[in-house]
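Read off the chains here:
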Number of protein chains: 2
Amino acid sequence: MTDGSAGHRPTERADLAAMIGPLGKALMNDELPILQRHGLSMWAYAVLSTLDRTPLRTQAALAQAIGADKTRIIATLDDLQDRGLIQREPDPEDRRARLLGLTAAGERLRDAAKRDIQRGEDENWLAHLPDDERDTFLRALATLAARARPDRDEP
Amino acid sequence: MTDGSAGHRPTERADLAAMIGPLGKALMNDELPILQRHGLSMWAYAVLSTLDRTPLRTQAALAQAIGADKTRIIATLDDLQDRGLIQREPDPEDRRARLLGLTAAGERLRDAAKRDIQRGEDENWLAHLPDDERDTFLRALATLAARARPDRDEP
DNA sequence: ACAATCAATAAGCAGATGCATACGGTAAGC
DNA sequence: GCTTACCGTATGCATCTGCTTATTGATTGT
């Protein structure tokens, strides 16, 4: 009686973290060369994605939204601004803060990068799910991801 | 007309990586205190989980299975061996390699940790999915995770 | 006006990670 | 026997991450 039939049944499923962790790493590895082709770092792409069309009022809010340290995204923002991809000007109503938003060029680049990334994800990953699982998987994943956003405290 | 109704529709869904990455991080953060309570690091737990009951013949194979550098798991293996949680002896048929396996104590500790971890995952994450999405999500996730395992080259 | 507060920025530190090199012990081919 | 290749191990390096402290300019409350 080693195990596996009638024991204490230690494992019905693998740990979520044990599945999602490596999966995330693999997705990042797929994504990296695509982003490089567009001249973007992972953080830069996270900034462009978050700054979608809704401008943020402070850099600290942006940093928190992408789960980064606020002192670490400054160089990324400098670069994006120098390249004309983001707007970043002092808020006239509170000149301590910097209003952040995408420029038209930033939006174009973001859309192009996102299109390439999602095409890769579709082909390399989602295409290997049965048709009747794909939508449910994406819906459930979106639910859990919303719960994981660093800007809320688990209700 | 800001966005969202009739534009070029740049985003039907969020990037998989953008959802799975932060979700993995959140899961790790939940897991860390549980592992600490059992006296295990993340790598140590990965070792115990992988060494389940199927012994491996080389440390390099173990390192690859958990996606770690083979030179970096040595300290972890030393510690686990000192604590009597794993078996690690030279293969009599090829004394370069070390046969790796769990001891009974290692198996007990692994089961206890896994039980606590999965209970936390059930309560904090899976319980917030609709009943009819949960199983499908887990099945699809397992499919993708199997595809992400570092020991295979995408077929 | 003055003190306390806040945002952005700069700088530093401990730890982890990926990557590369080097060395001793072991095995296998010739 | 000798060369070559492989495993475990030790070590170093460049980078990234989370975290902390300090400075400067701007705002707010009293």
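Residues numbered from 1 in each chain as written. Chains lettered and ligands numbered in written order. Predicted model: local features only at pLDDT ≥ 70, side-chain atom pairs only at ≥ 80, totals over all residues. Heavy atoms only, no water.

Under an unreviewed UniProt entry, the name given to chain A is MarR family transcriptional regulator, and the source organism is Haloactinopolyspora alba.

## Quick word on the protein's contact with DNA strand C
The following threshold applies: The criterion for a residue being near a molecule or strand is simple. One of its heavy atoms has to lie within 4 Å of it. Nitrogen and oxygen atoms within 3.5 Å of one another constitute a polar contact, given that in protein one can donate a hydrogen and the other can accept it, and given that sequence-neighbouring residues count only through two side-chain atoms. Residues are sorted three ways: Asp, Glu, Lys and Arg are charged, Ala, Val, Leu, Ile, Met, Phe, Trp, Tyr, Cys and Pro are nonpolar, and all the rest, Gly among them, are polar.
Around DNA strand C sit 18 residues, and of these Gln59 and Arg72 of chain A together with Trp43, Asp69 and Arg72 of chain B come closest. Sugar plus phosphate, as a fraction of atoms of DNA strand C within 4 Å of the protein: 55%. With respect to DNA strand C, the side chain of Gln59 of chain A contributes an N or O atom lying 2.5 Å from a phosphate oxygen. At 3.5 Å, a side-chain N or O of Arg98 of chain A approaches a phosphate oxygen of DNA strand C. Of the residues that constitute the surface near DNA strand C, the class distribution is four nonpolar, four polar and ten charged.

## Structural notes on the interface of chain A and chain B
We apply this condition: Should any heavy atoms of two residues lie within 4.5 Å, those residues are counted as being in contact. Once two parts are put together, the accessible area they lose, assessed with a 1.4 Å probe and summed over both, is termed the buried area. By definition, a salt bridge exists where a carboxyl oxygen of Asp or Glu is found within 4 Å of a side-chain nitrogen of Lys or Arg.
Counting residues at the interface gives 49 residues for chain A, matched by 50 residues for chain B. Summing both sides of the interface, chain A and chain B together bury roughly 4,600 Å²; the carbon and sulfur share of this comes to 65%. Area buried by chain A at its contact with chain B is led by Arg13, Asp15 and Leu144 of chain A, which between them contribute 13% of it. For the salt bridge of Glu133 of chain A with Arg139 of chain B, the shortest nitrogen-to-oxygen distance reads 2.8 Å.

## Some points on the relation of the copies chain A and chain B
Worth spelling out the cut-off: The copies were overlaid with a least-squares fit restricted to C-alpha atoms from residues scoring a pLDDT of at least 70 in each copy.
Overlaying chain A on chain B yields an RMSD of 0.1 Å, the required transformation being a rotation through 180° with an accompanying axial translation of 0.0 Å. In symmetry terms, the pair is related by a two-fold rotation axis. Within chain A, the C-alpha atom positioned nearest to the axis of rotation is that of Phe137 of chain A, 2.4 Å from it. In this assembly the copies share their binding face: 100% of the residues contributing to the interface of chain A also contribute to that of chain B.

## So, the environment of Asp131 of chain B
Residues and elements named next belong to chain B. Put simply, the rule is: Put simply, DSSP marks the helices as runs of H or I at least four residues long and the strands as runs of E at least two long, and each gets a number from the N terminus on. Using a 1.4 Å probe on the protein chains alone, a residue whose accessible area is under 20% of its type maximum counts as buried, one over 50% counts as exposed, and one in between counts as partly exposed.
Inspection of the secondary structure puts Asp131 in helix α6 (residues 131-148). Since its relative accessible area comes to 64%, Asp131 is described here as exposed. Among the polar contacts made by the side chain of Asp131, one reaches the side chain of Arg134 at a distance of 2.4 Å.

## Thoughts on the protein's contact with DNA strand D
In the vicinity of DNA strand D, 18 residues are found, and the nearest of them are Asp69 and Arg72 of chain A together with Gln59, Arg72 and Arg88 of chain B. The sugar and phosphate moieties of DNA strand D supply 57% of its atoms located within 4 Å of the protein. With respect to DNA strand D, the side chain of Gln59 of chain B contributes an N or O atom lying 2.5 Å from a phosphate oxygen. Between Arg96 of chain B and DNA strand D, the recorded distance is 3.2 Å, taken from a side-chain N or O atom to a base oxygen.

## Thoughts on the pattern of salt bridges
Going through the model one piece at a time under the given rule, you end up with 22 salt bridges over all chains. One salt bridge connects Arg110 of chain B with Asp52 of chain B, and the closest N-O pair in it is separated by 3.2 Å. Pair noted here: Arg110 of chain B is in helix α5 (residues 104-124) and Asp52 of chain B is in the loop between α2 (42-50) and α3 (59-65), with a separation of 58 residues, a long-range link. Among the charged side chains, a salt-bridge network with shared partners connects Arg13 of chain A together with Glu121 and Asp122 of chain B.

## Section: the side chain of Glu121 of chain B
Counting through the fold element by element, Glu121 of chain B comes out in helix α5. Taking relative accessible area as the criterion, Glu121 of chain B reaches 4% and is therefore assigned buried. A distance of 2.3 Å separates polar atoms of two side chains, one belonging to Glu121 of chain B and the other to Arg13 of chain A. When neighbours within four sequence positions are excluded, Glu121 of chain B is seen to be in contact with Arg13, Asp15, Leu16 and Ala17 of chain A together with Leu27, Glu31 and Leu126 of chain B.

## Side note on the nonpolar core
Definition in use: Note on terminology: a nonpolar core comprises buried Ala, Val, Leu, Ile, Met, Phe, Trp, Tyr and Cys residues joined through side-chain atoms within 4.5 Å.
With 34 residues, the main nonpolar core has Phe137 of chain A together with Phe137 of chain B as its most contacted residues. Those elements that place two or more of their residues in this core are α1 (16-37) and α6 (131-148) of chain A together with α1 (16-37) and α6 of chain B. When neighbours within four sequence positions are excluded, Phe137 of chain B is seen to be in contact with Phe137, Ala140, Leu141 and Leu144 of chain A together with Leu126 and Leu129 of chain B. With 24 residues, the next largest nonpolar core counts Ala44, Tyr45, Leu51 and Leu109 of chain A among its residues.

## As for the packing of α1 of chain A against α1 of chain B
In plain terms, the rule: In this description, a line fitted to the C-alpha atoms serves as the axis of each element, helices being fitted only across the stretch in contact, and the angle between N-to-C directions of two axes falls anywhere from 0 to 180 degrees. By definition, any crossing whose near helix is turned counterclockwise from its far helix by less than a right angle is left-handed, and any crossing with a clockwise turn is right-handed.
Two elements in contact, α1 of chain A and α1 of chain B, have axes whose closest approach is 8 Å; the angle formed by their N-to-C orientations is 145°. For the crossing formed where α1 of chain A meets α1 of chain B, the hand is left-handed. Residues Leu16, Ala17, Ile20, Gly21, Leu23, Gly24, Leu27, Met28 and Glu31 of chain A of α1 of chain A touch α1 of chain B, and the partners they reach there are Leu16, Ala17, Ile20, Gly21, Leu23, Gly24, Leu27, Met28 and Glu31 of chain B. Its residues placed into classes, the contact of α1 of chain A with α1 of chain B shows twelve nonpolar, four polar and two charged.

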